[in-house]
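As a plain string of letters, each chain reads:
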Amino acid sequence: MIVKTEAVILRSMRYRETSKIVTVFSRKFGKLRGIAKGARGPKSKFGAALEPMTFVSMVLYKHERRELHTISECEIVKLFPRLHADLNKINLGLIVVEFVEATVPEGEPSEAVFALLVEVLNELDLATKNIENVLYFFRLQILDLLGFRPTLHCCIRCRKKLVDIAPEEAAVSFEPRAGGVLCRNCSRLYPTRIRLRFQTVKLLRELLKRDASDVTTIELSDVSKKEMDEALALYARHHLVGLERLKTERVLRRLAV
Ligand SMILES: [Zn+2]
């Protein structure tokens, strides 16, 4: 079946002398792998269209019973030139695409995941300050889309509202495995809890609400960044099996930017 779809390139690997195998998140079919024959030849018609973090439109022959499809055409829709020209941005962008590659199941289309991916790459391209906030935003939003939105407004066990159980200046218990914050009473039952300042919990809530276009206006202290890194890395590790399965340690290390 010959199909056309927009896609974001997640990973690109050399294959044999002249070809490439790419993993993409496509708008119509979700995550899939395709082979681009002749993509590494000097006169390749694919040009830079198969580089990771590129938004493309592709034509592919989708095989019914095989996992590797054949890409016959691929054109750039958006290249994100500032993202590809800045080492720090490249590192953050690679974390984003590797995260999607490692965690999103194959063959399950999601308009929301596709839109988030394009939005986040676009924001990394445009951002001029607080660039790492885009990554925090991405991590929370993708957890939400994959069905693992953390509970941040009330105790995950007794459902008491957080404002009633902890003063704003206090630290709050957060239990990554159970999926959210805990009141003082319930926290004793969870030995693997970590402590977060109330302020950090509020930042996490903000990042779940905002559009990507405002996240770089938030100024984060080093303490908040450290707490968010720890909370999100532990949370993702407990909830996303793909992270355990695939090149786990590298992805997790890089999540803690
Ligand atoms: Zn409780």
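The structure this text deals with has already been given above.
Reference entry: report on the structure contained in this document. (Residues numbered from 1 in each chain as written. Predicted model: local features only at pLDDT ≥ 70, side-chain atom pairs only at ≥ 80, totals over all residues. Heavy atoms only, no water.)

**Notes on the packing of aromatic side chains**
In plain terms, the rule: Centres within 6.5 Å are what make two rings of Phe, Tyr or Trp a pair, Trp counting through its six-membered ring; a difference in plane orientation under 30 degrees is then read as stacked, over 60 as edge-to-face, and the rest as tilted. Put simply, DSSP marks the helices as runs of H or I at least four residues long and the strands as runs of E at least two long, and each gets a number from the N terminus on. Residue burial is assigned from relative accessible area. The probe radius is 1.4 Å, only protein chains are included, and a residue is buried under 20% of its type maximum, exposed over 50%, and partly exposed in between.
For the coordinates displayed, the defined rule picks out 3 aromatic pairs. With centroids separated by 5.7 Å and ring planes inclined at 85°, the aromatic side chains of Phe99 and Phe138 adopt a geometry described as edge-to-face. Of the two residues, Phe99 is situated in helix H2 (residues 87-103) and Phe138 in helix H4 (residues 132-145); the sequence distance between them amounts to 39 residues. When its relative accessible area of 1% is taken as the criterion, Phe99 is described as buried. Phe138 sits in the buried class, given a relative accessible area of 1%. A ring pair is formed by Phe174 and Tyr235, whose centres lie 6.0 Å apart and whose planes are at 40°; its orientation type is tilted. Taken together, the residues span a long stretch of sequence, with Phe174 in strand S6 (residues 171-175) and Tyr235 in helix H8 (residues 222-239) at a distance of 61 residues. For Phe174, a relative accessible area of 3% translates into the label buried.

**Topic: the sheet that holds S6**
Rule in force here: One bridge is not enough; two strands pair if DSSP finds at least two bridges between them. Where helices are involved, their axes are fitted lines through C-alpha atoms of the stretch in contact, as for all axes, and angles between N-to-C directions lie from 0 to 180°. By definition, residues are in contact when any of their heavy atoms lie within 4.5 Å.
Judged by pairing direction, the sheet is antiparallel, and its 3 strands sit side by side in the order S7-S6-S8 without closing on themselves. Two strands lie at the open edges of the sheet, namely strand S7 (180-182) and strand S8 (194-197), each paired on one side alone. The sheet shows a mean angle of 50° between the axes of neighbouring strands, taken without regard to direction. Relative to the sheet, helix H7 (residues 198-209) contacts S6, S7 and S8, its axis offset from that of S8 by approximately 80°. Contacting S6, S7 and S8, H8 crosses the sheet at an angle of about 140° to S8.

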